[in-house]
Amino acid sequence: MKKMTIDNINFEGKRVLTRVDFNVPLDKDLNITDDIRIKSTIPTIEKILNDGGKLILMSHLGRPKGEKKPEFSLAPVAKRLSELLGKDVKFLNDCIGDEVENSVNTMKSGEIILLENLRYYKQEEKNDPTFAEQLAKLGDVYVNDAFGTSHRAHASTEGVTKFIKPAVAGYLMEKELDYLGTAIENPVRPFTAILGGAKVSGKIDVIENLFGKVDTLLIGGGMVFTFLKAMDYNIGKSLIEEEKVELASEILTKAEEKEIAFILPTDVVCAKEFSNDSEAKIFDIDQIPDDYMGLDIGPKTIQIYLDSIKRSKTIVWNGPMGVFEFSNFANGTIKIAEGLAKVTELGATTIVGGGDSAAAISSIGLENSISHVSTGGGASLEFLEGKELPGVAALSDL
Ligand code: AMP
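Residues numbered from 1 in each chain as written. Predicted model: local features only at pLDDT ≥ 70, side-chain atom pairs only at ≥ 80, totals over all residues. Heavy atoms only, no water.

Asker: Help me understand the side chain of Asp267 in this model?
Answerer: Following the sequence through the fold, Asp267 ends up in strand S10 (residues 267–271). Although Asp267 is buried, it forms no salt bridge, and the closest oppositely charged side chain is Lys300 at an N-O distance of 5.1 Å. At 2.5 Å, the side chain of Asp267 forms a polar contact with the side chain of Thr301. Beyond its immediate sequence surroundings of up to four residues, Asp267 is in contact with Ile282, Phe283, Asp284, Ile285, Ile297, Gly298, Pro299, Lys300 and Thr301. (Helix = DSSP H or I, 4+ residues; strand = E, 2+ residues; numbered from the N terminus. Buried < 20%, exposed > 50% of the residue type's maximum accessible area, 1.4 Å probe, protein only. Lys, Arg positive; Asp, Glu negative; His and termini not counted. Salt bridge = Lys/Arg side-chain N within 4 Å of Asp/Glu carboxyl O. Polar contact = N/O pair within 3.5 Å; in protein donor to acceptor, adjacent residues only side chain to side chain. Contact = heavy atoms within 4.5 Å.)

Here it is, written out as structure tokens:
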């Protein structure tokens, strides 16, 4: 990695202002229902504390939109982090201002403070320089371990780096960039990407960027049908983006010109209604009746995709193969997840983009059987699109 990381710094005696992604899900009683995001930052936290640094953690949670709404408080996170570390975590009920500065300036080495939700201030998402400067007063060094928000130029991810140097990557950020970066820039071949999800429009830039890099693209999810339509198949009541049919057609031509194996399903699991209770029937893609819609990839397709996965040495997956929220249409997504786990065991590098595909992997308990499950849905997608992530670009060069 060409950016400085926390391994380049000894934090002894320093105030270390650290952006983390503690945007955890909470139930209605404000209990944390999944603490993976907190756990993932522990290696970074431990390195800073073991060096003798004074750790000031900051994050957003949910979308309070500039208002101090108690249901978006980070207080429950401070409690959970304290339990996980077996150590006091002092929670401050603001993230800027005199009182916060006083608390930070009287910290001792090895102590931890968690600031209140950054998005209680509108200025955070607006990347307001005055707000960024106020945050910067809290640190001598800046660490960014929040890959999941690095695709946004916010005050705590980008603005703040104009006022504190060095600005370095934490371990989680480094791991994300290493896995995604190596896959895209220097993959062990054959390199296969599996793309699913609802719409072509959400994945166009990824497809185009990956065209220059992959050997094979396996396509699933709702976007399949816009491609099938472009090939003149009858797609019944399946999801369609009429205005993208021409683009889909251009993509198919481009794949042919570039000699990329751009593989679409040969069969699909269909139903008459968009419902888990609607009877599932399997049709070849040239047999989809008018009154049916495709909701998952079919068994022949699963086999073809699994064979392709087996031959690959690097695999990146983003987007479910079907409507995996409905148990009767989750089979394609589950089988692909299991296939990835199997080839990982045999030595392939497997990377799952965040969001729905990561949720699918963890719902079947395979998150530890994949080389890397990204913590950032939007960020990993933008990375795969070939875009520069502002929160990464802002870090100090090595
Ligand atoms: P995305 O956010 O674009 O990755 O899309 C994820 C969503 O795509 C999930 O909520 C899936 O239910 C949905 N999806 C996957 N396959 C289909 C399909 N065949 N028809 C409609 N929606 C689908």
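Asker: Please explain the side chain of Thr226 as it appears in this structure.
Answerer: Secondary-structure assignment places Thr226 in helix H9 (residues 224–230). Beyond its immediate sequence surroundings of up to four residues, Thr226 is in contact with Val200, Leu239, Ile240, Glu241, Lys244, Val245 and Ala248.

Asker: Which parts of the structure should I look at to understand empty space enclosed by the protein?
Answerer: Left-over empty space is what a probe sized like a water molecule reveals as it rolls over the atoms. Scanning the entire structure with this criterion turns up one cavity of 30 Å³ or more. Its volume calculated, the largest cavity comes out at about 60 Å³. Split into classes, the residues belonging to the lining of the largest cavity amount to three nonpolar, four polar and three charged. (1 Å grid on protein atoms, 1.4 Å probe; cavity = no way out; pocket = protein on both sides within 12 Å on 5 of 7 lines; lining within 4 Å. Points joined across faces, edges and corners; volume = space filled by probe spheres on them. Nonpolar A, V, L, I, M, F, W, Y, C, P; charged D, E, K, R; others polar.)

Asker: Help me understand the domain arrangement of the chain in this model?
Answerer: Interface size is often expressed as the accessible area that is lost when the parts come together. When the domains of the chain are assigned, the result is domain 1 (6–174) and domain 2 (187–384). Between the C-alpha centres of domain 1 and domain 2 the distance comes to 36 Å. Contacts between domain 1 and domain 2 engage eight residues on the former and seven residues on the latter. Interface of domain 1 and domain 2: buried area, both sides summed, is about 580 Å²; carbon and sulfur atoms make up 63% of it. Area buried by domain 1 at its contact with domain 2 is led by Phe147, His151 and Leu172, which between them contribute 70% of it. Counting every contact that joins domain 1 to domain 2 gives one salt bridge. Residue Arg152 is joined to Glu382 by a salt bridge in which the shortest nitrogen-to-oxygen separation is 3.6 Å. The class makeup of the residues in the side of domain 1 that touches domain 2 is two nonpolar, four polar and two charged. (Domains from an automatic or database assignment. Buried area = accessible area lost by both parts, 1.4 Å probe.)

Asker: Would you mind showing me how to read the nonpolar core here?
Answerer: Within soluble globular proteins, side chains that are nonpolar tend to cluster in buried spots. Of all hydrophobic cores here, the largest spans 100 residues; its most connected members are Leu115, Phe227 and Phe262. Taken domain by domain, this core gets at least three of its residues from each of domain 1 (6–174) and domain 2 (187–384). Dropping the residues within four chain positions of it, Phe262 is found in contact with Ile207, Phe211, Leu217, Ile219, Phe227, Ile251, Leu252 and Ala255. In this structure, Leu218, Ile297, Leu306 and Ala348 belong to the second largest nonpolar core, which totals 20 residues. (Core = buried A, V, L, I, M, F, W, Y, C linked by side-chain atoms within 4.5 Å.)

Asker: Mind showing me how you'd approach the pairing of strand S2 (residues 54–58) here?
Answerer: In regular strands, side chains alternate between the two faces of the sheet. In terms of burial, S2 is a largely internal element, five of the five residues being buried. Burial along S2 is two-sided: Lys54, Ile56 and Met58 and Leu55 and Leu57, pointing in opposite directions, are all buried. Two elements, strand S1 (residues 15–19) and S2, share five bridges in a ladder whose sense is parallel. Across the sheet, residue Leu17 finds its bridge partner in S2, namely Ile56. Sheet analysis places S2 next to strand S4 (residues 112–114), joined by three bridges and oriented parallel. Opposite Leu57, over in S4, you have Leu114 as the bridge partner. (Pairing = 2+ DSSP bridges.)

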